[in-house]
Amino acid sequence: MKVLVIGGAGYIGSHCVRQLTFAGHQPVVLDNLAIGSRQAVSPEVPFYETDLSDKAAVTEILKKEGIEIVMHFSAFSLVGESVGEPDKYYENNVVGTLRVLQAMKDVGIRKFVFSSTAATYGIPDELPITEDTKQAPINPYGQTKLDVENMLKNFSKAYGLSFAVFRYFNAAGAAEDGSIGECRPIETHLIPNAFYAAQGKKDVFNVMGTDYPTPDGTCLRDYIHVDDISRAHIASFDKLEEQGTSLFYNLGTGNPMSVKEILDAIEKVSGLKIPIKYADRRAGDPPSLYANSSKAQKDLNWTIKFKDAESIVETAWRWHKSHPDGFEK
C-alpha cells in the first residue's frame, strides 16, 4: 500500500517508516524538518520537505504519488511550550491537520491514521486508563489532540472518512539496530536525558519527586517501545476498508515502570553512572499513569515485543552509543 507519512522524519514517524517498509508497504514522507531529521529517513524513500498546512502541496503529493492512506505524526508536543504558546499549537496541530483532511477529501482518499496521546485524558480518576476513560486535557497540547479526534469524527460522518486514533503513553526506545532513535532540538523524555547525563553531556539528571505513594517513591509511567507503537498503527490498515470506520486505541504495556527502575536499567545496560539530583515534585504530576491496551491487542492482533525496562533501554543505548551526537547536521 502507498502510504503518506506526515512527520515521517520525526522520532515516531521515522520508526514507522521503517516498519512500513519491513511490512511490504511503500512509504512516502512529508516533513518540514522543524523537528525531524532528514537522516532519519532512508534515501530510497520519497521525501517532500514541506509543511502539512500547505494544502496545495499536500494535494499535489497525494495525486503524484498515488497515495492510498495517510498517517499523521506531525504535531508539536511540548506540554510546557503549549501553555506559553498555545497559538503555535492550534495553528500546527489543529489547523494543519484540517488542511490535510481537506486535501484528502478533494483527492478522494478516505483512510487516515492519527497519532494522538494519553494527554487527552488529563489526570484520570481511575487506573488503568481505558478508551472509555473521560477525556479532560489539562494543557493546550492535549486539547489540540482531542480537538483533532473530534474533527475526525465529524469528517467521518460527513464525508465517509475511515480513521484510526492511537493514544499512546510514554514512547521510548530506538530501532533495534541502533540506526535511528530520539534526536530532537529540545529533549524532554526521561531516557535520552538520563543517557545524556550518563555520557557527560549534561551535568546532572533531575529526579522530580521521591515521596510519591509508589513502591520506590518515584513516579510510575507506562513506557511503550516506538516499534511496538509503529506496528500497531500499521495493523489498523485492514480495519479501515469499510467507509466511515472510527477506531480508538490506547497503546501501552499496562506495566507501569518507575523513574528509578528506568534509571537502574540505564546504568545496568550501559555500565555508566548517572549523576542524579533529587528535587521536589513538579506541580500537576500524578503518581501513576498507565494504560489498558487490551482492545488494541485483541482487535488488531497486536503483540507487545518490548515489555520491560531493560529491553526498551537496550535499544536506546545502541542508538546513543553509535550516535553520541545524534544525526550529523
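Scroll up to find the structure.
Residue numbering note: each chain is counted from 1, following its sequence as written. Whole-chain, interface and lining totals are the exception, using all residues; otherwise, since this is a predicted model, local features are given only for residues with pLDDT of at least 70 and side-chain atom pairs are given and counted only at 80 or more. Each side-chain value is worked out from all heavy atoms of the structure, with water and hydrogens disregarded.

Caption draft 1: Layout of helix H4 (residues 86-107). The numbering of helices and of strands both runs from the N terminus, where a helix is a DSSP run of H or I of at least 4 residues and a strand a run of E of at least 2. Given the number of residues in a helix, its expected span is that number minus one, multiplied by 1.5 Å. Its 22 residues place the ends of H4 31 Å apart at the C-alpha level, agreeing with the 32 Å of an ideal helix rising 1.5 Å per residue. Residue Val95 marks the point of greatest curvature in H4, where the axis turns by about 25 degrees. Note on classification: 1.4 Å probe, protein chains only; a residue is buried when its accessible area is under 20% of the maximum for its type, exposed when over 50%, partly exposed between these limits. Looking at H4, one finds that the buried residues are Tyr89, Asn92, Asn93, Val94, Gly96, Thr97, Val100, Leu101, Ala103 and Met104. Working rule for contacts: check all heavy atoms of both residues, and any pair within 4.5 Å makes them a contact. Each element contacted by the buried residues of H4 is listed here: strand E1 (2-6), helix H2 (55-65), strand E4 (69-72), helix H3 (79-84), strand E5 (111-117) and helix H5 (140-159). Throughout, the bend at a residue refers to the angle made by two axes, fitted to the seven residues ending there and to the seven starting there.

Caption draft 2: Geometry of the pattern of salt bridges. By salt bridge we mean one thing: a side-chain nitrogen of Lys or Arg within 4 Å of a carboxyl oxygen of Asp or Glu. Inspection of the entire model under this criterion finds 15 salt bridges. For Asp285, the salt bridge identified is with Arg282, shortest N-O distance 2.9 Å. Three or more residues are tied together by salt bridges with common partners; here these are Glu182, Arg184 and Glu187.

Caption draft 3: Main features of the layout of surface pockets. A pocket here means an open set of points on a 1 Å grid, computed over the protein atoms alone, that has protein on both sides within 12 Å along at least five of seven lines. A cavity is instead a set of points where a 1.4 Å probe fits but cannot get out; residues with an atom within 4 Å of a point line either one. Grid points are joined across faces, edges and corners, and a volume is the space filled by probe spheres set on the points. Taken as a whole, the second largest pocket holds about 190 Å³ of empty space. Lining the second largest pocket are Val17, Arg18, Thr21, Phe22, His25, Pro27, Gln39, Ala40, Val41, Ser42, Val45 and Ile180. In terms of residue count, the dominant contributor to the lining of the second largest pocket is helix H1 (residues 11-22) (four residues). By the convention adopted, Pro, Cys, Tyr, Trp, Phe, Met, Ile, Leu, Val and Ala count as nonpolar, Lys, Arg, Asp and Glu as charged, and the other residues, Gly among them, as polar. Grouping the amino acids of the lining of the second largest pocket by side-chain chemistry returns seven nonpolar, four polar and one charged.

Caption draft 4: Focus on empty space enclosed by the protein. All told, the structure shown has two cavities of 30 Å³ or more when counted by the stated rule. By volume, the largest cavity amounts to about 50 Å³. Ala9, Gly10, Tyr11, Ser14, Ile35, Gly36, Ser37, Ala40, Gly181, Cys183, Arg184 and Phe327 together form the lining of the largest cavity. Its residues placed into classes, the lining of the largest cavity shows six nonpolar, five polar and one charged. Taken as a whole, the second largest cavity spans an internal volume of roughly 40 Å³. What lines the second largest cavity is simply Gly173, Ala174, Glu182, Ile191, Pro192, Ala316, Trp319 and His320. Breaking the lining of the second largest cavity down by element, the ones donating at least two residues are helix H6 (190-198) and helix H10 (309-322). In terms of residues, the lining of the second largest cavity owes the most to one element, H10, which gives three residues.

Caption draft 5: Looking closely at the nonpolar core. Here, nonpolar core means buried Ala, Val, Leu, Ile, Met, Phe, Trp, Tyr and Cys residues that are tied together by side-chain atoms lying within 4.5 Å of each other. One finds Met71 and Phe166 to be the most contacted residues of the largest nonpolar core, which totals 34 residues. For this core, the secondary-structure elements that each account for two or more residues are E1, H1, E4, strand E6 (162-168), helix H7 (226-235) and strand E11 (246-251). Sorting elements by how many residues they give to this core places H1 first, with five residues. Those residues within four positions of Met71 in sequence are excluded, and the remaining contacts are Val3, Leu4, Val5, Ile6, Cys16, Leu20, Val113, His233 and Phe237. With 27 residues, the next largest nonpolar core counts Tyr48, Met104, Val148 and Phe248 among its residues.

Such coordinate-based values are descriptive only and should not be taken to indicate function.
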